Amino acid sequence: SFTDYDMLNEPVPIGLGNYAELMGDKVFWSSLWHNLVMVVFGVPISMFIALVLAVCLNEALRGQSWFRTMIFMPHVTATVAIAMIWLWIYSPGPEGLANRFLAIFGVGPWSYVTNPDLALPAVIVVGIWQSIGLKMLIYLAALQGVSLQLYEAADVDGASAIQKFFNITIPMLKPATFFVLVTSVI
């Protein structure tokens, strides 16, 4: 980063020149702002949805393994395949899935990817959708590590499900929440 290097010629030391050029680049500041917006809005929303899904899928229910797999699938699917799916969903004409859905309510069609006002929220939605699976899996693993004795003691004390969630589940998930937060911001 302290050299001028084009991979064809020898690197030439330029000190902080690259950083000075970066500070004056409008695209750099725009991309930094967009990343900040994605972190501020995308991370908390995806963490919340992942926690809700993990709590729901921690209970014994029919098809539990299938639901876990379907929620985790976007995380392990190739990025190119995901991009193609979302390009079809966000297709600007009436053939796009999002525009078909909105047409039911008499809205649209919109051009999600090429409209500067809609592109960032569209990318945030894709990021949330793709990242929920791993976050859910981490929360699910942490939930299975919470001692059932804590919940039994809360039952004896007459705690409601909401009280157990906020007074037992959330505090016991603090390490997992911290891990999910840090990895999501990174």
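Residues numbered from 1 in each chain as written. Predicted model: local features only at pLDDT ≥ 70, side-chain atom pairs only at ≥ 80, totals over all residues. Heavy atoms only, no water.

Asks: What should I look at first to understand the nonpolar core in this one?
Replies: For soluble globular proteins, the rule of thumb is that nonpolar side chains tend to be buried together. Core analysis: the biggest nonpolar cluster contains 20 residues, and Ala54, Met136 and Tyr139 have the highest contact counts within it. Breaking this core down by element, the ones donating at least two residues are α2 (26-58), α6 (116-144) and α9 (174-185). If one sorts the elements of this core by residue count, α6 sits on top with nine residues. Not counting residues within four places of it along the chain, the set of residues in contact with Tyr139 comprises Met47, Ala50, Leu51, Ala54, Leu173, Ala176, Thr177 and Val180. (Core = buried A, V, L, I, M, F, W, Y, C linked by side-chain atoms within 4.5 Å. Buried < 20%, exposed > 50% of the residue type's maximum accessible area, 1.4 Å probe, protein only. Helix = DSSP H or I, 4+ residues; strand = E, 2+ residues; numbered from the N terminus. Contact = heavy atoms within 4.5 Å.)

Asks: Would you explain the side chain of Ser46 in this entry?
Replies: Summarising the element assignment, Ser46 is placed in helix α2. Residue classification places Ser46 among the buried residues on the basis of a relative accessible area of 1%.

Asks: Looking at this structure, how should I read a negative patch on the surface?
Replies: A cluster of acidic side chains, namely Asp4, Asp6, Glu21 and Asp25, defines a negative patch on the protein surface. Within the fold, Asp4 resides in strand β1 (residues 3-4). Note on Asp4: relative accessible area 49%, which makes it partly exposed. (Patch = residues over 30% accessible without salt bridge, like charges linked within 9 Å, V, L, I, M, F, W, Y side chains within 5 Å. Areas by Shrake-Rupley, 256 points an atom, 1.4 Å probe, with all protein chains shown as cover. Salt bridge = Lys/Arg side-chain N within 4 Å of Asp/Glu carboxyl O. Lys, Arg positive; Asp, Glu negative; His and termini not counted. Charge placed at Lys NZ, Arg CZ, Asp CG, Glu CD.)

Asks: So what exactly am I meant to see when it comes to α6 here?
Replies: Residue pairs three or four apart in sequence face the same way in an α-helix, which turns once every 3.6 residues. Spanning 29 residues, α6 covers 43 Å between terminal C-alpha atoms, matching the ideal 42 Å at 1.5 Å per step. Its maximal kink placed at Ile132, α6 deviates by approximately 40 degrees. At the N-terminal boundary of α6, the capping side chain belongs to Asn115, with an oxygen 2.9 Å from the backbone nitrogen of Asp117. (Expected span 1.5 Å × (residues − 1). Bend = angle between axes of the 7 residues up to and from the residue. Polar contact = N/O pair within 3.5 Å; in protein donor to acceptor, adjacent residues only side chain to side chain.)

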